[in-house]
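The residues making up each chain are set out below.
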Amino acid sequence: MKTLLIDMDSVICDLMSEWHRRYNRDYNDNLSVVRLLCWDSEKYVKPECGKKIYDYLMEPGLFLGLKPLPNAIEVLERLNKRFDILIVTSSVSSAYEEKERWVGQNLPFLDRNNLIFAHRKNMIVGDLLFDDAPHNLLGFAATGRTAIAMDYPYNRDVDVPRVKNWLEFEAFINHFEREGE
């Protein structure tokens, strides 16, 4: 059975909308994911905010309240019947418990031991990584394994297969599975 490594933030759940909503509220701005052309969010916020944009990631309740991306739950449930699914997420330490609770509430078909917190995702054993972060995609692809990008403007310069949504990912996985037979 193949192992799929799936990122959480901006792949399974919509981190950017809530993160940017909080920033926009406080700084009267209009930041959105479509404006992010690189990974460094501080380049797209008002100067008075700068690197404080990352402070929102440490706010209690942020991760627990995130909405799943369309079709993510249903596709994961179907894939879980054919693959070993590991949720591999990077996190600030204050969010570990919230992310664990989110997975328990939204992905009850996955065992809680299928959640791995890691910054170096390329070190995790798996056949495929589905992620959005350029450094994770590049690091994983450099190992000779398959990395798939959830397509966002900030990762378009990474040369890996990409999908725009969960239904496209499921179609890619079906093809990936057939190739491996």
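Predicted, not measured: the structure shown is a model, and the values here were computed from it.

The rules we used
- Residues numbered from 1 in each chain as written.
- Predicted model: local features only at pLDDT ≥ 70, side-chain atom pairs only at ≥ 80, totals over all residues.
- Heavy atoms only, no water.
- Helix = DSSP H or I, 4+ residues; strand = E, 2+ residues; numbered from the N terminus.
- Rg over C-alpha atoms; globule rule 2.2 N^0.38 Å.
- Buried < 20%, exposed > 50% of the residue type's maximum accessible area, 1.4 Å probe, protein only.
- Contact = heavy atoms within 4.5 Å.
- Areas by Shrake-Rupley, 256 points an atom, 1.4 Å probe, with all protein chains shown as cover.
- Lys, Arg positive; Asp, Glu negative; His and termini not counted.
- Charge placed at Lys NZ, Arg CZ, Asp CG, Glu CD.
- Phe/Tyr/Trp six-rings, centres within 6.5 Å; stacked < 30°, edge-to-face > 60°.
- Polar contact = N/O pair within 3.5 Å; in protein donor to acceptor, adjacent residues only side chain to side chain.

### Digging into the overall build of the protein chain
- Tallying secondary structure elements over the protein chain gives five helices and six strands in all.
- Taking 16 Å as the expected radius of gyration for a compact globule of 181 residues, we find that the protein chain reaches 16 Å, a close match to that expectation.
- If you line up the protein chain on its principal axes, its C-alpha atoms span 55 × 35 × 25 Å.
- Relative to its full complement of 181 residues, the protein chain shows a buried share of 48%.
- Long-range contacts, defined here as pairs at least 24 residues apart, represent 61% of the contacts in the protein chain between residues at least 6 apart.
- By element, 52% of the accessible surface of the protein chain is carried by carbon and sulfur atoms, the whole surface being about 9,100 Å².
- Positive and negative side-chain charges in the protein chain, numbering 23 and 29 respectively, have mean positions lying 2 Å apart.

### Some points on the packing of aromatic side chains
- In the structure shown here, the tally under the stated rule is eight aromatic pairs.
- Note on tyrosine 23 and tyrosine 27: the rings are 5.1 Å apart at their centroids and 20 degrees apart in plane angle, and the pair reads as stacked. Of the two residues, tyrosine 23 and tyrosine 27 are both situated in helix 1 (residues 15–27); the distance of four residues between them amounts to about one turn of the helix.
- Classification of tyrosine 23 by relative accessible area gives buried; the value is 0%.
- Their ring planes at 20 degrees and their centres at 4.3 Å tell us that tyrosine 96 and phenylalanine 117 sit as a pair that is stacked.

### Let's talk about the environment of serine 17
- Structurally, serine 17 is set in helix 1.
- Note on serine 17: relative accessible area 45%, which makes it partly exposed.
- Sequence separation of serine 17 and leucine 66 is 49 residues, and the distance between their C-alpha atoms is 8.8 Å.
- Within the structure, serine 17 has its side chain in polar contact with the side chain of aspartate 14 (distance 2.7 Å).

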